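Listed below, chain by chain, are the residues.
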Amino acid sequence: MTLWVDRILKEFPADLARLWIVSDPNDVLLDEQVLSGLRERGFEVLPFEDSVAFRSEYEERYRDAWDHGQPAPSNALVLHLRGTNTNDLPWDYLRQARKLSLGLTELFPKLSYAVVKQLGSDMWPSLFAAQAKHAHQSLGEAATKEFVLTHIFRISPHLITRPEDLWRELLRLHYGDTPLPAVLAQHVEQVLGEHDTFKGIPIAALFANKSVTLRVVQDAWYRYLNQQGITGSRMSEPAPEDYADKIDVPFDHHDVRVIIDSMFLDGTLHPLVVQGVPTTLPEWAKLGVVQDPLSMKDLVRDGIQNLMSELPTVDSSHRDWTHFSRRLGEILSRFHGLDTYHAESIKDAMQELLNAADARLCEWVEKHFADLPSLPAAKGPIMVHHIPRYLSMCRDEGEQKIALLVFDGLAVDQWVQIRESVINQSQRLMFDEHTCFAWLPTLTSVSRQALFSGLRPREFADSIESTSKEPSQWKRFWQDHGLNASEVFYQKSIKRNDDLPALEEELSNPSVKIAGLVVDTIDEIIHGAVLGKRGVANQIKSWCESGFVERLFSMLLDNGFHVYLTADHGNVEAVGIGRPNQGVASEMRGERVRAYRNEAMVAETQATYGDTFRLDIAGLPANFMPLFAGGRQAFVTKDDQVVVHGGISVEELLVPFINVRYVN
C-alpha cells in the first residue's frame, strides 16, 4: 500500500461511524487504490450528485438494514460531496454522519496548489511520495512545475538542448501514453523557447497532445524514407499540420529509433507501403515499410510478441488496460486485414495473446471493477455512464453543440478499420482516440442504457431488460443540466446514406444543442456473422466504402457540432457450449451471459454448463444475477462459431471513445 493510500485511509477508522460525509472538492477520495482500500475496510463510497437518488439508495439498502439489525451491503457508507458546502445536505444526514474534509492544500503543503490541481489525479500518489522524500521546503509555482517534471515525468527541460533530446522525451512519453498536462507542457515550451534550435516548433502542443506528435512524426518518417530513395503510398492517417514539413525527427539516433520501432510494431505509427526496399536501408528502419503481405504478417507477428510481453497484471491501473486495449485493437485490425493464408500461420499466436489478456482482465475485473463507477470523469470518461457527465463539462467549457455517436457493438479493432477507411476518403478529418469501460454484463440493454442515462444499472432496474426508455433518459439527463427538452435530440436505427438527409434536416434546426445518435450497422453485421471477425471486417470494409461514416462525420461537423463517438460494448469470436432451454426463467438471454432473477436457476445452469462463472458486480440491481460463459465460449448451439457479446474480454469490455474533428 502506498504512502498516499495510507495517508487517506487513516482518516477512516473502522467502526467509528456508519454514515460519513466527506467534503472533497478535488476528488482526492476517488482514487482507484483508495477506493479499493476503503472497500476492504468495509466502506462503500457513493457520490452525492442527485439527492433523490442518494436518499433512495441510502434508505433502501443501508438505513433500513441497519435499523433492523440486518447486514447492509457494507459496514459503512461514505457520502462523497464534490465541494465544501454541506449546507444543502439533508439535516438528518448532517446529524447522524461523521464529517470529514479532504483537500490538496492539506495533502501537498509544500507544493503549489495552483499547479497540483491542474495535474491528473493519477499523478497524486507518486507526487505525494516524491514530496515526502524530496520537498524540503515550500515551493512556488515555477519550482513546483520543475519538481513535478523531474520526479514524476523524469524530464529536465533545461537539459533538452538538441533535437535528439527533444524527440527522445516526446516519444518516450507518448509511447507510454503519458502526455504532459497543459500547465507543464507550457512550462517546457517557455524553457525551450530560449534555444534557437527549437524555434518554430509547437513544443507545448507536442508534449500535451499525442495525436499532434504522431502526425508530425508520421510526416517526418515519409520524408526520411524519401531521402533514402524510397517512395510509396501512405497508410491511413490524416493530413499533417502546416508546420509539420519544417520539422525533422532524428530517426538515426539510437534513443529515438528504439522507440520508433516499438510504435510501428503496435500500430501507433503506420508503415509506408512500398514496391521495393533498397539494400542500403538500415535493418531497424524496415519495420516502417511494408512491401508485400509477408512483411505485414511479420509486422503483426512481432507486434503480438511485443504485446504478450507487456500484458497488464491484476495490480495494473485502469489506464494500463485502456492503453493496452488500443494497442491490441491496432494489432487485431492488421491481423484481420491479412489474407487467409498469411493469417493462418500466426492464428495460434494471436489466440494465445487474446486468451492470456482475457484471463488477466477477468482477474483484474474481480478486484477492481467495483471502483470504476466512482472514478472522476473530468479528464475523460472511465466508464460509458460517465460520458454524459463528461460531455456536460465540455459544454460548460464552450462546446455549445455536441453530438454523441454510439456505434452499437463496435470493438476497438473495428474502430481502427473504420478510422483508416475514413481517412483514406477525407484527410481533413482527425481523431483524438481513447477507450473506456462498458458496463458488465456487456449487453445493449445494460451498457447502452447506462451510456445514455448517465446512471448505473441499479438506478434503472425497472427497464434493465429493454432500451425503450433511452430517449427519455437522454433528455432527462440534459434537462437536469439546464437544457430544455426541445434542445435535446435522440435517434436510433441510423444505418446508411439514405438515412442522412432526414437526419440533417432534424439537426439543422438551430434549437438542437445536444444529439444522441445510435448507428446500428455494426451490431447487425456481428449478429449475422458466419465467417467470424474476419468476415465482419470484410462487411465493415464494404460499408465504409459507401462513404456513410465520412458523410455522417462531415455533416455533423459542418452543422457546428462537436462530435464524439463511442460504443456500448464490443464483440468477440466465441464457440458454443449449448443453449439453455429455460422458458421464461432466464430474464436476459445473452449469448455470452445469462442473467437470472432466481438464485436456484443460476445454480442449476452453472451445474449443467460447467465452464461458467459468476461475478458480483457492484452497480447492478440486487436481483439481477449474471452467469458468464467461461473463456471465449457462448450459450449457443454446441460447437457453433459465432461473433457475440455480453461477457468479459478486452474486445467486449473496452470500447472506443473518440473526439472527431477537422484538422486545424
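Computed from a predicted model, the values in this text were never measured in an experiment.

### Some thoughts on the overall build of the chain
The secondary structure content of the chain amounts to 26 helices and 20 strands. Taking 2.2 N^0.38 as the reference for a compact globule, 664 residues should give roughly 26 Å; the C-alpha atoms of the chain span a radius of gyration of 26 Å, in line with that estimate. Considering only C-alpha atoms, the chain reaches an extent of 80 × 70 × 50 Å along its principal axes. When the 664 residues of the chain are sorted by exposure, 60% land in the buried category. Excluding contacts between residues fewer than 6 apart, the proportion of contacts in the chain whose partners are at least 24 apart in sequence is 75%. Per element, the accessible surface of the chain, about 27,000 Å² overall, is 47% carbon and sulfur. Of the charged side chains in the chain, 66 are positive and 92 negative; the average position of the first set lies 2 Å away from that of the second.

### A few points about the packing of aromatic side chains
Counted by the stated rule, this structure contains 33 aromatic pairs. For the pair Trp4 and Trp124, a centre-to-centre distance of 6.2 Å together with 50° between the ring planes defines the contact as tilted. In this pair, Trp4 is assigned in helix 1 (residues 3-9) and Trp124 in helix 7 (residues 124-134), connecting sequence segments 120 residues apart. Accessibility classification places Trp4 together with Trp124 in one group, the buried group. Put simply, the rings of Trp221, Tyr224, Phe251, Phe264 and Trp284 pair up and form one aromatic cluster. One Lys or Arg, Lys401, reaches over the ring of Phe561 and ends 4.4 Å from the middle of that ring. Between Arg534 and the ring centre of Phe335, over which it is positioned, the NZ or CZ distance is 5.4 Å.

### Section: the sheet that holds strand 19 (residues 641-644)
Strand pairing within a sheet occurs via backbone hydrogen bonds; the two strands may be parallel or antiparallel. Spatial ordering of the open sheet is given by 18-13-19, a layout of three strands whose pairing is mixed. Either end of the sheet is taken by a strand with one partner, and the two such strands are strand 18 (633-634) and strand 19. Pairing of strand 13 (residues 572-576) with strand 18 involves two bridges; the strand directions are parallel. Residue pairing for strand 18: Gly576 is matched across the bridge by Ala634. Across the sheet, helix 23 (residues 532-545) is in contact with strand 13 and strand 19; its angle to strand 13 comes to roughly 140°.

### Details of the environment of Ile494
Secondary-structure assignment places Ile494 in strand 10 (residues 488-494). Sequence separation between Ile494 and Ile526 is 32 residues; the distance between their C-alpha atoms is 16 Å. Setting aside its immediate chain neighbours within four residues, Ile494 contacts Asp499, Leu503, Leu517, Val518, Val519, Asp520, Thr521 and Phe548.

### Let's talk about the packing of helix 9 (residues 163-175) against helix 13 (residues 254-265)
Contact pair helix 9 / helix 13: the axes reach a minimum separation of 9 Å and the direction vectors enclose 30°. As the angle between them shows, helix 9 and helix 13 are arranged roughly parallel. Between helix 9 and helix 13 the crossing geometry is left-handed. Residues Glu164, Trp167, Arg168, Leu171, Arg172, His174 and Tyr175 of helix 9 form the contact with helix 13, whose participating residues are Asp255, Val256, Ile259, Ile260, Ser262 and Met263. Taken together, the residues of the contact of helix 9 with helix 13 sort by class into seven nonpolar, two polar and four charged.

### Observations regarding unusual backbone geometry
Residues Leu440 and Pro441 are joined by a peptide bond in cis, for which omega reads -5°. Among the secondary structure elements, Pro441 is positioned in the loop between strand 9 (429-437) and helix 19 (444-453). The phi dihedral of Ser493 is positive, around 60°, even though this residue is not glycine. Tracing the sequence through the fold places Ser493 in strand 10. The exposure class assigned to Ser493 is partly exposed, which follows from its relative accessible area of 40%.

### Things to note about the nonpolar core
As a rule of thumb, soluble globular proteins bury nonpolar side chains together. Of all hydrophobic cores here, the largest spans 194 residues; its most connected members are Phe207 and Ile418. If we ignore the near neighbours within four places in the chain, the residues touching Phe207 are Ile155, Ile160, Leu166, Glu169, Leu170, Leu173, His174, Pro179, Leu180, Ala185 and Val188.

### Looking at the packing of helix 8 (residues 141-151) against helix 10 (residues 182-192)
Where helix 8 meets helix 10, the axes come as close as 10 Å, and the angle between the chain directions of the two elements is 100°. By the criterion of interaxial angle, the relationship of helix 8 to helix 10 is roughly perpendicular. Mapping the contact onto sequence places Ala142, Lys145, Glu146, Val148 and Leu149 in helix 8 and Val183, Leu184, His187, Val188 and Val191 in helix 10. Taken together, the residues that form the contact of helix 8 with helix 10 break down as seven nonpolar, one polar and two charged.

### Some points on the state of the cysteines
Considering all chains together, one arrives at zero disulfides under this definition. There is no disulfide at Cys394, and the cysteine sulfur nearest it, in Cys436, is 13 Å away. Relative accessible area serves as the criterion here: at 6%, Cys394 is assigned to the buried category.

### With respect to the sheet that holds strand 10
If you trace the six strands from one edge of the open sheet to the other, you get 9-20-12-8-11-10, paired in mixed fashion. Sheet topology places strand 9 and strand 10 at the edges, where each strand pairs with a single neighbour. This sheet shows a mean twist of 20° between the axes of neighbouring strands, independent of strand direction. The sheet strands contacting helix 15 (residues 318-337) are strand 9 and strand 20 (654-662), and the helix crosses strand 9 at an angle near 130°.

### Some words on the pairing of strand 12 (residues 562-566)
Within strand 12, four of the five residues are buried, leaving the element largely enclosed by the surrounding structure. As defined by bridge partners, strand 8 (residues 402-407) adjoins strand 12 across five bridges and the pair is classed as parallel. Within the sheet, the bridge partner assigned to Leu405 lies in strand 12 and is Leu565. As paired strands, strand 12 and strand 20 are joined by four bridges and run antiparallel to one another. Paired with Val563 across the strands is Val660, a residue of strand 20.

### Comments concerning the pattern of salt bridges
Any two side chains of opposite charge can pair, on the condition that their charged atoms come close. Within the structure shown, the criterion is met by 42 salt bridges. The partner of Asp165 in a salt bridge is Arg162, and the shortest N-O contact between them spans 2.9 Å. Between Lys347 and Glu344 there is a salt bridge, with its nearest N and O atoms 3.1 Å apart. Here Glu344 and Lys347 lie together in helix 16 (residues 340-368), a separation of three residues that amounts to about one turn. Under the relative-accessibility criterion, Lys347 is labelled partly exposed at 39%. According to the relative accessible area criterion, Glu344 is partly exposed, its value standing at 46%. The structure contains a network of salt bridges with shared partners spanning Arg162, Glu164, Asp165, Arg168, Glu169, Arg172 and Asp255.

Conventions adopted
Residues numbered from 1 in each chain as written. Predicted model: local features only at pLDDT ≥ 70, side-chain atom pairs only at ≥ 80, totals over all residues. Heavy atoms only, no water. Helix = DSSP H or I, 4+ residues; strand = E, 2+ residues; numbered from the N terminus. Rg over C-alpha atoms; globule rule 2.2 N^0.38 Å. Buried < 20%, exposed > 50% of the residue type's maximum accessible area, 1.4 Å probe, protein only. Contact = heavy atoms within 4.5 Å. Areas by Shrake-Rupley, 256 points an atom, 1.4 Å probe, with all protein chains shown as cover. Lys, Arg positive; Asp, Glu negative; His and termini not counted. Charge placed at Lys NZ, Arg CZ, Asp CG, Glu CD. Phe/Tyr/Trp six-rings, centres within 6.5 Å; stacked < 30°, edge-to-face > 60°. Lys NZ or Arg CZ within 6 Å of the ring centre and 35° of its normal. Pairing = 2+ DSSP bridges. Axes fitted to C-alpha atoms, helices over the stretch in contact; angles between N-to-C directions. Parallel < 35°, antiparallel > 145°, perpendicular 65-115°, else oblique. Left-handed = near helix turned anticlockwise from the far one by under 90°. Nonpolar A, V, L, I, M, F, W, Y, C, P; charged D, E, K, R; others polar. Core = buried A, V, L, I, M, F, W, Y, C linked by side-chain atoms within 4.5 Å. Disulfide = S-S within 2.5 Å. Salt bridge = Lys/Arg side-chain N within 4 Å of Asp/Glu carboxyl O.

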